[in-house]
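Residue-level structure breakdown
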Amino acid sequence: MIKNYRKFTSLRTKLSLLIGLITFLVSAILIFYTTQSAREQAVAAAHESAMEHARDYAAQVEAEIEKALSTARTLAQTFSGIKADENPLSISRAGANAMLKEVVEQNPSFFGVYTSWEPNAFDGMDTAFVNADVAHDTSGRFIPYWFKGDGGKVMVETVLGYDTDTYYTIPETTKKEVIIDPVTYTVDGGRVSLTSIIAPVVKNNRFYGLTGVDIATDWMQEMIKNANLYDGKAEVNVVSHNGTITATTLTDTLLGYKLLEAFPEYNEQEVALKQGTEGFVFSDDYLKAYAPIHIGESSTPWQVSVKIPSALILAEANAQLWQMIFISSALLILSLVLIYVVVQRLVKPLDTMVAVTTRMAEGDLSQQQIKTGNDEIGLMGNAFTTLMNGLRKTTEFANEIGKGNLDAEFTALSEKDILGNALIAMRNSLQSVAEEDRKRNWVTEGTAIFGDILRKNNDDIHVLADNIVSRLVKYLEANQGGMFILTGEEGEQQLELIATYAWERRRIRNKIIGIEEGLAGQVVLEKDYIYLTDVPSDYVNIKSGLGGANPTAILIVPLKINEKVMGVLELASFKKFEQYQIEFIEKIGETIASTLSSVQINQTTRQLLEESRLSAEEKRAAEEELLQNQEELQATQEELQRTINELKAENQRLQNAQSDDAIPAPQKF
């Protein structure tokens, strides 16, 4: 019994247990620290990702609604010219109806366009238009509503609810743009929501009427569902200002419900919606981020929220935790066995090993002097030194990862170093996530930058093009760029160069290119981009003060919307374009094309208005000349009548004189 007791209290046993315990503690601390850092980074990355997705969806919704708002604003500004103090525009009701109809036809995403005027505010002729047609009612007010009926046919009827509904009373009172919260209807067995974007017609601070655009919100539903965030397990909601659920990745039956009716626990999100601020919530069950949607000058922001289950966010970190526990446990068991076998062969030189072990018990993994050699103790010293160095480097590497230094260098002890290789795999995984976040942030930032350019410079197509090309070349770190727009009638179309950046003079001379000429024309015909990395020596030359050289890559991207090509972007660079950069350029190309289409429509509208104004002035001048001629003819007629009267009087006098001469003189008797 004493022998057995000594066996369990011997130095060999104690040493084996101590080393095993220390190894276990170090492994446990390392596992805890590493996994805790991984969990924190996973939550931080998920927070950033969720917020970026919320902002991205908000930007997409804002861009689409801004398009409708820009149209409503342009119509309102145009109609306000009717009430100008000097040179007012002359627009008939038929002309205004033609403009509204064309806007509906030219914008596939618009469900309806309308205008509604105060009594006798449009042309003062309400009485003449009482029940004149389907666009007028018993009031005779100018209240047409142009919309797309069955089969997409454009139809017209009267606006309902004027003077009473909020879509009219709010802009009438505030004289500001307003976004009306969507109303949900049942169409063909499904639920469809429509929202109204309204701009007031105001002149000299007086409200005359309004213009509005109705758009369906089903594209929002399609957008967030197609995103398939976290394999469809994340919840995404688009909520209007009054709390109406406009789009959701959950069941479609929630469309049209109030946020707090469907989710009573979302009070904090409701507050952020009303204030138009961003927000973030993380709990044991989920992580949720929400971003506001600010539209034009309206004071009714909307909101996009992204909700991700916590289990999804921490799944990878938890998997790594169990993997490291398994690996560490296996390593610990293996170490205990090896240590016990080696200790059995130890003889006297154990003091050094005891001292080293004591320092390790204190958590000191610094370099220690251990006897080495070819005997058993020496080999053990070698192995112990290697173990300590490996643990120290592993700890340092884990610390660097915990600090967010994902570029920290670390070399595993060998191909069989399971712990070291697991840390490297974790580092590589985090690097991949960081790189994807960088690309996503780059795309999101670029989308916001060019969205801002397109919003601020949509009056002049040349200024818009110059800003886009200059900013795009710099943002992509390219060297040259140019923008062509498609001009001419069908069958005689050609590409016109309207903006360049660092372009060669000899290439600028060729401002017009046929669509059957060169790579730019080929892009127009095929409606797809062309990317060259083997650039011919005579294609283009990038020059500076020190000389010139051929670019490494040429990228030509069509500016198209709804498969209609509006122009071409051409970029040259010494660096090759990454795939995500090409996809980004294609994406903003669609936005640029949409804006170019709007600018061209606005320019055409202004030209037609100017022609109408000139025609009215010519007609007015002709009327004034005709009036003057009438006055001169009147004066001539009066003078002629006076002359005739004088001649009649003279003729009567002569007749009287002749009568007097014919009377015989009296005879004298």
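Here the structure is shown first, and the text comes after it.
Residues numbered from 1 in each chain as written. Predicted model: local features only at pLDDT ≥ 70, side-chain atom pairs only at ≥ 80, totals over all residues. Heavy atoms only, no water.

Section: the sheet that holds strand β13 (residues 494-501)
We apply this condition: Think of it this way: DSSP has to see at least two bridges between two strands before they count as a pair. Going along the chain from the N terminus, every DSSP run of H or I of four or more residues is numbered as a helix, and every run of E of two or more is numbered as a strand. In this analysis an axis means a line fitted to C-alpha atoms, helices contributing only their contacting stretch, and an angle means the value between N-to-C directions, from 0 to 180 degrees.
Strand order across the open sheet formed by 6 strands is β14-β13-β12-β19-β18-β15, with antiparallel pairing between neighbours. Each end of this open sheet is capped by a strand with a single partner; those strands are β14 (512-514) and β15 (530-532). For this sheet the average axis-to-axis angle between neighbouring strands, irrespective of direction, equals 25 degrees. The pairing of strand β12 (residues 480-487) with β13 spans 7 bridges and is antiparallel.

Overview of the pattern of salt bridges
Defined as follows: Here, a salt bridge means any Lys or Arg side-chain nitrogen found within 4 Å of an Asp or Glu carboxyl oxygen. Burial here depends on accessible area, computed with a 1.4 Å probe over protein chains only, as a share of the maximum for the residue type. Under 20% is buried, over 50% is exposed, and the range in between is partly exposed.
This structure, assessed with the given rule, holds 15 salt bridges. Residue Arg73 is joined to Glu177 by a salt bridge in which the shortest nitrogen-to-oxygen separation is 2.5 Å. Of this pair, Arg73 sits in helix α2 (residues 11-80) while Glu177 sits in the loop between α4 (166-174) and β4 (178-187), and the two are 104 residues apart along the sequence. Accessibility expressed as a relative area gives 10% for Glu177, which makes it buried. Asp126 is the partner of Arg93 in a salt bridge, and the nearest nitrogen-oxygen pair spans 2.6 Å. Placement of the pair is Arg93 in helix α3 (residues 93-106) and Asp126 in the loop between β1 (110-117) and β2 (144-148), with a sequence separation of 33 residues. Connected via shared salt-bridge partners are Glu52, Arg55 and Glu278.

Describing the sheet that holds strand β11 (residues 302-309)
By definition, the strands of a sheet pair up through backbone hydrogen bonds, in either a parallel or an antiparallel sense. Note the threshold: Note on contacts: a residue pair qualifies if any of its non-hydrogen atoms lie within 4.5 Å across the two residues.
Ordered by their spatial adjacency, 5 strands build an open sheet running β8-β7-β11-β10-β9, and the pairing between neighbours is antiparallel. The open sheet terminates on both sides in strands that have one partner only, identified here as β8 (245-248) and β9 (279-282). Pairs of neighbouring strands in the sheet enclose a mean axial angle of 15 degrees, with direction left out of account. Taken strand by strand, helix α5 (residues 218-227) contacts β7 (235-239), β8 and β11, and its axis lies near 35 degrees from that of β8. Packing against the sheet, helix α7 (residues 267-275) makes contact with β7, β9, β10 (286-293) and β11, and its axis sits at approximately 150 degrees to β11.

Side note on helix α13 (residues 461-475)
So the rule is basically this: Multiplying 1.5 Å by the helix residue count minus one yields the expected span of that helix. The arc refers to the directions leading from the helix axis to the C-beta atoms.
Helix length check: α13, at 15 residues, gives a terminal C-alpha distance of 21 Å against a target of 21 Å (1.5 Å per residue), a fit within 8%. All of the buried residues along α13 are Ile461, Leu464, Ala465, Ile468, Val469, Leu472, Val473 and Tyr475. Angular distribution of buried residues about the axis of α13 spans 165 degrees; they occupy a single face of the element. Immediately downstream of α13, the backbone of Glu477 shows phi near 60 degrees, a positive value.

Some points on the nonpolar core
How we decide: By convention a nonpolar core is built from buried Ala, Val, Leu, Ile, Met, Phe, Trp, Tyr and Cys residues, the set being connected through side-chain atoms within 4.5 Å.
In terms of nonpolar packing, the biggest core is built from 57 residues, with Ile65, Phe79 and Trp117 touching the most fellow members. Here this core takes 15 residues from α2, the largest share from any one element. Beyond its immediate sequence surroundings of up to four residues, Phe79 is in contact with Ile91, Ala96, Met99, Leu100, Thr115, Trp117, Val201 and Thr211. Formed by 37 residues, the second largest nonpolar core is a distinct cluster that contains Leu454, Ile485, Ile592 and Val599.

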